[in-house]
Amino acid sequence: MACGVLLFAWKDALVKLTGGYYSPILIMWIQFVFMSAIWLPILVYQNGWNWLIPKPLVWQSARGLSLVIGMGLFYWSVLLIPLTDATAMALISPLIVTALSTLMLDEKVGIHRWGAVIIGFMGALILLRPAFAGESLGYAIAFGSGICIGFFYATNRKLGRGSLPLASVVYPAYLSAIVLCPLIPFKWTPPRPEDTYIIVGFLILTAAGQTMIISAFRYGQASLVAPFNYIQIVGAALFGYFIFSELPDPTTWTGVGVIILSGLYIAIRDHRISYSK
C-alpha cells in the first residue's frame, strides 16, 4: 500500500507538469485502457474466457463506477480549488473504508484504530494547512470524491475474497474504460511531442501503483491497510521539493510525523491482536 500510494504521488506530479493541457476524462480513459491492455490478455490466457465477464456483475460494476466517479470528482475539484485543499478533503476515504468495514466486510474495528485513523487525518490537515480559499462547490466535490474512493477500496476487499488477485486489477480498469468511451470523442486532445516521456512515465506509474494498492486490500484487512493512504502526502511533499522546489517547513514535517506514527500504531496493534489469538 505504501509503495502504491507513493507511486501515485509521483504520477500526480507528472500530471501537474502538463499544466492542465489534457482533460481529466481523457487522462483517466488512457490509463484504464493501458492497464486493460496489459492485464486482460494475461487474465484470459491463465484462467480462460469465462473470467472475461466480471462476477458478480452488479458489485463489479459498482466498483468500476465508483472509481470513475471518484477520480473524476477529484480532478474536477482541482479545477475549482487549490490542489492541496482538494487532496485534504478527498483524504476522508480511509475513514469511509473503516466505517464500511463493519457493514460490508464484517470486520471488527476497535476504538483504538478508530482513534488512530482520525489522528492520521488530523496529521494530513496539519501537513496541508488548507486555507479553504476558493469556491465552496469545489470542497463539496472533493468530499464526494473521498466517499467514492472509500467505497471503491472497500469493494476491493469484499470482491477479493472470492476472485483472483489479477481479476481485482483487471475488472475495474476495463469496466471504467468502457464507461468513459462515449465521452472521448468530445474530450480528445492531440498529444504534444514534448510530453512523450511524461505520458509514458504516467502510464507505468499508474499501472504499477494501482496494482499494488488493489493487492494490498486483497491480502490485508481493509481497516488496517486504508490509513497508509496518508503516506501519499509524504510522497507529494517529496516530489514537490525535488520537481517544483517546494521546501517543506517544520509544520509540514509535524504533519508527516503524525501520519506515519498513526499508521505504525495501527499496524503494531493489529499484529499484537493477531499474535494473541
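Shown above is the structure to which this text applies.
In this text, all values refer to a predicted model and were calculated from it rather than measured experimentally. (Residues numbered from 1 in each chain as written. Predicted model: local features only at pLDDT ≥ 70, side-chain atom pairs only at ≥ 80, totals over all residues. Heavy atoms only, no water.)

1. Structural notes on helix H3 (residues 57–80)
Taking 1.5 Å as the rise per residue, H3 with 24 residues should run 34 Å; its terminal C-alpha atoms sit 35 Å apart, in good agreement. Residues of H3 that are buried: Gln-60, Arg-63, Gly-64, Ser-66, Leu-67, Val-68, Gly-70, Met-71, Leu-73, Phe-74, Tyr-75 and Ser-77. (Helix = DSSP H or I, 4+ residues; strand = E, 2+ residues; numbered from the N terminus. Expected span 1.5 Å × (residues − 1). Buried < 20%, exposed > 50% of the residue type's maximum accessible area, 1.4 Å probe, protein only.)

2. Examining the packing of helix H2 (residues 24–47) against H3
Helix packing geometry: the angle between the two helix axes and the distance between the axes. Contact pair H2 / H3: the axes reach a minimum separation of 10 Å and the direction vectors enclose 140°. Taken as axis vectors, H2 and H3 run oblique relative to one another. Handedness of the H2/H3 crossing: right-handed. Contacts between H2 and H3 pair Pro-24, Met-28, Gln-31 and Phe-32 from the former with Leu-67, Val-68, Met-71, Gly-72 and Tyr-75 from the latter. Its residues assigned to classes, the contact of H2 with H3 shows seven nonpolar, two polar and no charged. (Axes fitted to C-alpha atoms, helices over the stretch in contact; angles between N-to-C directions. Parallel < 35°, antiparallel > 145°, perpendicular 65-115°, else oblique. Left-handed = near helix turned anticlockwise from the far one by under 90°. Contact = heavy atoms within 4.5 Å. Nonpolar A, V, L, I, M, F, W, Y, C, P; charged D, E, K, R; others polar.)

3. Focus on the pattern of salt bridges
Oppositely charged side chains can pair when the atoms bearing their charge come close. One pass over the structure, following the stated rule, counts two salt bridges. Ionic pairing is found between Arg-192 and Asp-195, a salt bridge with its closest N-O pair at 2.7 Å. Note on Arg-192: relative accessible area 23%, which makes it partly exposed. (Salt bridge = Lys/Arg side-chain N within 4 Å of Asp/Glu carboxyl O.)

Nothing here speaks to function; it is all geometry.
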